[in-house]
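Working through the structure, step by step
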Amino acid sequence: MRAEFLPGVAEEVAEILLRLSAVTLRPSAPFRFASGLLSPIYCDNRLLISYPAERLRVARWFADTIRQSGLAVDVIAGTATAGIPHAAWLAAELGLPMVYVRSQAKGHGQERLVEGVLLPGQRVAVVEDLVTTGGSSLQTVAVLREAGAIVEHVFAIFSYGFVGTAESFTRAGVTLHPLTTLPILLDVAVARGYLSPAERGLVEAWARDPAAWSQEREEAASSPR
């Protein structure tokens, strides 16, 4: 099943992310990630939790996506830690129970990975703030499935839309529902003056091969002038 965007929502979400600096584009002065790679884009959707109006709109767009897709959902699950608040607001919007999945089990007590009440056979929708490779989201799906849940859908605020990511979700039997993606965000960024057309090309080149893009810039910076 292929996820569909709600009309106009992807552009609105992109505008919010850019306006609140939850997504920052800086092709001429790339960010360095913990992996050591350089990137022209940095996403920190945690900033959204400080803006009540915008976070409520995100929760309602998630809810509208679920309703309009006709999905049957019993429980909303948040990924630790950034997906937890958005899962809570979505669960409240839909009037559904919520759980969250730890990145690792507690080292004491009952050593749970899943916090909250989850019954075998319940249909769970996972909420994530950002999908890059999809690894953390799919790990959450695996934990929930091991607990007996039926998990076929992940909802994210933003996804880079890498080809490999889509393939990973397909192999796992999961449909990814991002509110917006990098190509749409770049359209909005150019239209609103956050990015020039030439800079857009640099970001698109990064998206095609992040490792090669980073290496080229490292080599250019170290070569004699």
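Rules behind the numbers
- Residues numbered from 1 in each chain as written.
- Predicted model: local features only at pLDDT ≥ 70, side-chain atom pairs only at ≥ 80, totals over all residues.
- Heavy atoms only, no water.
- Axes fitted to C-alpha atoms, helices over the stretch in contact; angles between N-to-C directions.
- Helix = DSSP H or I, 4+ residues; strand = E, 2+ residues; numbered from the N terminus.
- Parallel < 35°, antiparallel > 145°, perpendicular 65-115°, else oblique.
- Left-handed = near helix turned anticlockwise from the far one by under 90°.
- Contact = heavy atoms within 4.5 Å.
- Nonpolar A, V, L, I, M, F, W, Y, C, P; charged D, E, K, R; others polar.
- Buried < 20%, exposed > 50% of the residue type's maximum accessible area, 1.4 Å probe, protein only.
- Arc of directions from axis to C-beta.
- Pairing = 2+ DSSP bridges.
- Right-handed = clockwise from strand over helix to strand, strands pointing away.

1. Describing the packing of helix H6 (residues 182-191) against helix H7 (residues 197-208)
The interhelical angle for the contact between H6 and H7, taken along N-to-C directions, is 165°, at an axis separation of 10 Å. Considered as vectors, H6 and H7 are oriented roughly antiparallel to each other. Pair H6 / H7 crosses with right-handed handedness. Contact residues: Leu182, Pro183, Leu186, Asp187 and Val190 in H6; Pro197, Arg200, Val203, Glu204, Trp206 and Ala207 in H7. Residues that form the contact of H6 with H7 fall into these classes: 8 nonpolar, no polar and 3 charged.

2. Observations concerning helix H5 (residues 163-171)
Within H5, the full set of buried residues consists of Thr165, Ser168 and Phe169. Projection of H5 onto a plane perpendicular to its axis shows the buried side chains occupying an angular sector of 95°, all on one side. Residues Val163, Thr170 and Arg171 are exposed on H5 and point more than 90 degrees away from its buried face. Turning to H5, the residues buried within the fold contact strand E8 (123-131), helix H4 (135-146), strand E9 (150-159) and strand E10 (175-181). One or two positions beyond H5, positive phi appears at Gly173, with a value near 70°.

3. Focus: the pairing of E9
Of all 10 residues making up E9, 8 are buried, and the element is well covered by its neighbours. Strand direction decides the pairing type here: E8 and E9, joined by 8 bridges, are parallel. Each residue of the ladder has a partner; that of Val126, found in E9, is Val154. Read as a crossover between parallel neighbours, the route from E8 over H4 to E9 is right-handed. Relative to E10, E9 runs parallel, the two being bridged by 6 bridges. Bridge pairing in E10 links Phe155 to His177.

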